[in-house]
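Structural characterization, general
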Amino acid sequence: MPAHGRKPVTLAWWLPFLAAILAVATWGCGGAAESNILIASTTSTYDSGLFDVLLPAFTADNPGYTVRVNAVGTGEALELGRRCDADVLLVHAPEAEEQFVAAGYGIERHPIMYNDFVIVGPGSDPAGIAGGQDAAAAFGEIAAAGAGFMSRGDDSGTHKKEQKIWAAAGVDPAGDWYHVTGQGMGATLRAAAEKAAYTLTDRGTFLSMRGNLPGLVILVEGDPLLFNQYGAIAVNPENCPQVNVEGAQAFISWLESDAGQQVIGDFGREQYGRSLFVPDAGSGGPR
Amino acid sequence: MIRETFSQALSMLAGDPQVWEIILRSLVVSGTAVLSAALVGIPLGLLLGLSRFRGRGAVVTLVNTGMALPPVVVGLFVYLLLSRSGPLGSLGLLYTKQAMVAAQLVMALPFVLGITVTGIGSVPRELLMQARSLGAGRLQVALLALREARALVMLALVAGMGRVIAEVGAVMMVGGNFRGETQVMTTAIMEEVRKGNYSLGLALGLILLTIALAANTLMMRLKPGRLPV
Amino acid sequence: MSVLLEAREVRRRYRGRLVLDVAEFRVARGESVCLMGPNGAGKSTLLRILNLVEDADAGEIRFAGARVDSGSRWARLRMAGVFQHPCLFRGSVADNVAYGLRMRRLPRNEISRRVESVLAAFGLASLANRDARELSGGQAQRVALARAVVVEPELLFLDEPAESLDPLASADFQDDLRRVIEYLNTAVVFVTHSLAEAAFADRLLLMADGEVRQSGPAAEVMRSPVDLFAARLLGFENLLPGRVSTLMDGGAVVELRQGPFRLYSERPAAGAVTACFRAGEVLLRPAERRGPHGRVNRFPATVKALEPTGSSWQVTLDCGFEIRARVSHPESLRLRLAPGTAVEAHVPPSAVHLVGRGASAATAADGSDVGDDAGAEAVSRA
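What follows concerns the overall build of chain A. Scanning chain A from N- to C-terminus turns up twelve helices and ten strands. Going through the 287 residues of chain A one by one, you find that 51% of them count as buried. Within chain A, residue pairs in contact and separated by at least 24 positions form 74% of the contacts whose partners lie at least 6 positions apart. Working note: accessible area of chain A is about 12300 Å², and carbon and sulfur atoms make up 54% of it.

If you want it as structure tokens, here you go:
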């Protein structure tokens, strides 16, 4: 090995990294003049793809805004609102939302839309619930048959809804037929498909994943108990002076407007042949 | 399934500029974090490794414990600092790349610092004494120690990079996974998996793995003597 | 000669124990000083403190008249050291040799010129581009010596540099060392266990338990140890306790404790003494050619044991008391040495050195022989 190959201390070696540091330090510092709206929403809404059509439509009608969506769990979304790290919340937990507003963290709760849950299961339907419209009764039959059921068990909105249905059915779900995945909707649906088990899912996620879920079909739908109301809340500037309350109000107003409601109602029609979310601004929702 | 995943990964690389953007962002964010950790950690590691003072053992133990810090906890800590209602909220750094760099810096620092201290400690004291005997001053002794321990110091950087680029909890929390802004490979993978797009997640995972392989190969091939010490 | 380095009342503690306590130490310009002593005597510690790579807990060190410590880089830049292990740095042989020159910020071309010339002088030119960590022990130690010499230090420290080498490499290294000491105008302080290396020095210091026990011109110290410890360290194999009975003109007659024997020495002494002489200075001749009985320091002896020491034989003789002699191989053949052979052993009076047995001898002046003997034995085994 030649000795002249061992040159110590070359500044050139560091240059690319210094450049990189400078690049990152300045990157993203440009858009400060625009009005940024920060939305905290649930992952299931985000993952349905709704925001992919909603946001471009909003900014087309309201130039000068940039909107960013932070997809988190329902509980985390509310906590972010409490800590002022969101301008708007779009979540589906009516009781918690009302508490949030009552405690002064949010200005007002605006019902925007609802989607629905469906009970899915294997085509063979061992519990014989297919075609029913009573979710609680169907759950009761699943428990009575001891047929496999996948629960998310993650304290999500979907899980809370599931617990509500078990309560309505008067069943305390436990036993070797009741499986808890502790994971998101996608993973839980996959587990249900693998194990030929029943589960509760929002329609949007099920439809978007249907191709990857062999044998799983919708068995029960349409029960008002399965409806899932979404609300939008502007974070209260009295609690958080830093929030973009003007932007938040503009976004919520647009969601409630005919234009916004139209976009929501059309979402999913092309791909799945039906709407995934039913706009219901001003109605108060079916609860 | 595997073949499909591979071809999907390849077509994503070929056709989707967004994927390249995400990869580049991952590299820049984690690279900056590790480099900043190196700029802070290596001098500090030298200081800790070469000096003897009361309480040094406790400091080293603390640093080594820091290596076991769960990323989500680091994320939570940085989030609470940068939150609009937090002490540094007025900087408006939450949900920016800078915040992600900060969180990854906190994660990488114990690695860089801890392994550097171990490396410097493994350089025989007699060797450093020999350097002094030949006229080396404090700085020259430190540089010599770094030169002698550079294999471990490089390992520290590689290990740090490996940790932060593969980490998801903290960057998700402080970066927000905003598409086109703060989305990096791991948060993108997380999102795809959450949506049930396992194959897309796997494809991104394969890309991540390929990058790690390339980086490690590059590190291994760096000949001794070509390092800036 | 002007004083280059001077140390006074230098003390160093380690875990509460005093490991170094040197009242005074001086090196003049161009002088070579050798430190000898058993392991743990504090030689290396003293060397590192004098080399300013470590600090003493107390005391004063002056270099070229100015007070210095480990922070005095200017003084360290005028010194260089070679430690027990070569301690080569990562890089090529040339890189290693250039290190001290780079520390002195010499111009690049001056560095390469000096490196080239020192490598040539040490016969290392062909190894210049070799990875320093791939060298043999002897080569590595030679590189370490070249690396220290190339900076042309005013003061060079060598800490048992040949200790870890095999005999061949050690012999080569001794040659290098001798050349450095004899031809360079450098003051050298070196530590060694080898009497041959110590003989190169102008001055010799014997150390034990962190203290200097004896110092003086090397030749003088080697001839006249001040106590049993020094005698053992300097390779006096025969240590015979006794008592001076007659003080002769310029010498002494020692009544050996073992049996009715007398040993004459050319050195004056009194009281309880130990007679010390080296095995190599005992002369053997055939028993039948024995001169008239009773002549000075000639003893009829029987060979008790014969042990090879490599180049020569060590012979254990029974003269009524036991002594050891060393004879060359041809000599052993000529004398037909074997266990049981009768010979005559001659200890020249000039070879017999007497060391007093200090306070213990004074108190035991009336012949508490048992205690004395145990004391002498303990020392000789140490």
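A few words now on the interface of chain B and chain C. One widely used convention gives an interface's size as the accessible area the parts lose upon coming together. Each side of the interface is counted separately: chain B has 16 residues, and chain C has 30 residues. Overall, the association of chain B and chain C removes approximately 2000 Å² of surface from exposure, summing both partners, and the carbon and sulfur fraction of that is 51%. Of all residues in chain B, Gln130(B), Arg132(B) and Leu134(B) bury the most surface against chain C, accounting for 31% of the area lost on that side. Between the two partners, chain B and chain C, sit one salt bridge. The shortest N-O distance in the salt bridge between Arg133(C) and Glu148(B) comes to 2.3 Å. One can count twelve residue pairs in polar contact (both at pLDDT 80 or more) joining chain B with chain C. Only helix 6 (125-133) and helix 7 (138-148) of chain B provide two or more residues apiece to the side of chain B that touches chain C.

For the rest of this paragraph, the subject is the sheet that holds strand 13 (residues 262-265) of chain C. All names here are of chain C. Strand order in the open sheet made by the five strands is 13-12-11-14-20, with antiparallel pairing throughout. Strands at the two margins of the open sheet, each flanked by one partner only, are strand 13 and strand 20 (353-356). When strand polarity is set aside, the average angle formed by the axes of neighbouring strands in this sheet is 45°. Pairing geometry for strand 11 (residues 238-248) and strand 14 (residues 272-277), over six bridges, is antiparallel. If you follow Gly242 over to strand 14, its bridge partner there is Val273.

Bringing the domain arrangement of chain A into the picture now. Residue and element names in this part refer to chain A. Domain boundaries in chain A define domain 1 (35-115 + 228-279) and domain 2 (116-226). Taking only C-alpha atoms, the centre of domain 1 and the centre of domain 2 are 27 Å apart. Across the contact, eight residues belong to domain 1 and eleven residues belong to domain 2. Together domain 1 and domain 2 conceal approximately 1000 Å² of surface at their shared face, both sides included; 53% is due to carbon and sulfur atoms. At the junction of domain 1 and domain 2, the tally comes to one salt bridge. Two residues, Lys164 and Glu95, come together in a salt bridge whose shortest N-O distance is 3.9 Å. Our enumeration of links across domain 1 and domain 2 arrives at zero residue pairs in polar contact (both at pLDDT 80 or more). Taken together, the residues of the side of domain 1 that touches domain 2 sort by class into two nonpolar, four polar and two charged.

Think of an α-helix as 3.6 residues a turn; residues three or four steps apart then line up on the same face. Helix length check: helix 5 (residues 137-149) of chain C (13 residues) gives 18 Å between terminal C-alpha atoms against 18 Å at 1.5 Å per residue, within 8%. Across the 13 residues of helix 5 of chain C, ten count as buried, placing the element largely inside the fold. Three or more residues of helix 5 of chain C are buried, namely Gly138(C), Ala140(C), Gln141(C), Val143(C), Ala144(C), Leu145(C), Ala146(C), Arg147(C), Ala148(C) and Val149(C). Against helix 6 of chain B together with strand 6 (79-82), helix 3 (93-103), helix 4 (108-121), strand 7 (155-159) and helix 6 (167-183) of chain C lie the buried residues of helix 5 of chain C.

On to the sheet that holds strand 7 of chain C, then. All names here are of chain C. Strand order in the open sheet formed by six strands is 6-7-8-3-9-10, with mixed pairing between adjacent strands. Of all the strands in the sheet, the pair left with one neighbour each is strand 6 and strand 10 (211-217). Between one strand axis and the next, the sheet turns by 15° as a mean value, whatever way the strands run. Bridge analysis of strand 6 against strand 7 gives four bridges, and the strand direction is parallel. When the bridges of strand 7 are listed, Gly81 appears paired with Phe157.

Reading the values: the criteria
- Residues numbered from 1 in each chain as written.
- Chains lettered and ligands numbered in written order.
- Predicted model: local features only at pLDDT ≥ 70, side-chain atom pairs only at ≥ 80, totals over all residues.
- Heavy atoms only, no water.
- Helix = DSSP H or I, 4+ residues; strand = E, 2+ residues; numbered from the N terminus.
- Buried < 20%, exposed > 50% of the residue type's maximum accessible area, 1.4 Å probe, protein only.
- Contact = heavy atoms within 4.5 Å.
- Areas by Shrake-Rupley, 256 points an atom, 1.4 Å probe, with all protein chains shown as cover.
- Buried area = accessible area lost by both parts, 1.4 Å probe.
- Salt bridge = Lys/Arg side-chain N within 4 Å of Asp/Glu carboxyl O.
- Polar contact = N/O pair within 3.5 Å; in protein donor to acceptor, adjacent residues only side chain to side chain.
- Pairing = 2+ DSSP bridges.
- Axes fitted to C-alpha atoms, helices over the stretch in contact; angles between N-to-C directions.
- Domains from an automatic or database assignment.
- Nonpolar A, V, L, I, M, F, W, Y, C, P; charged D, E, K, R; others polar.
- Expected span 1.5 Å × (residues − 1).

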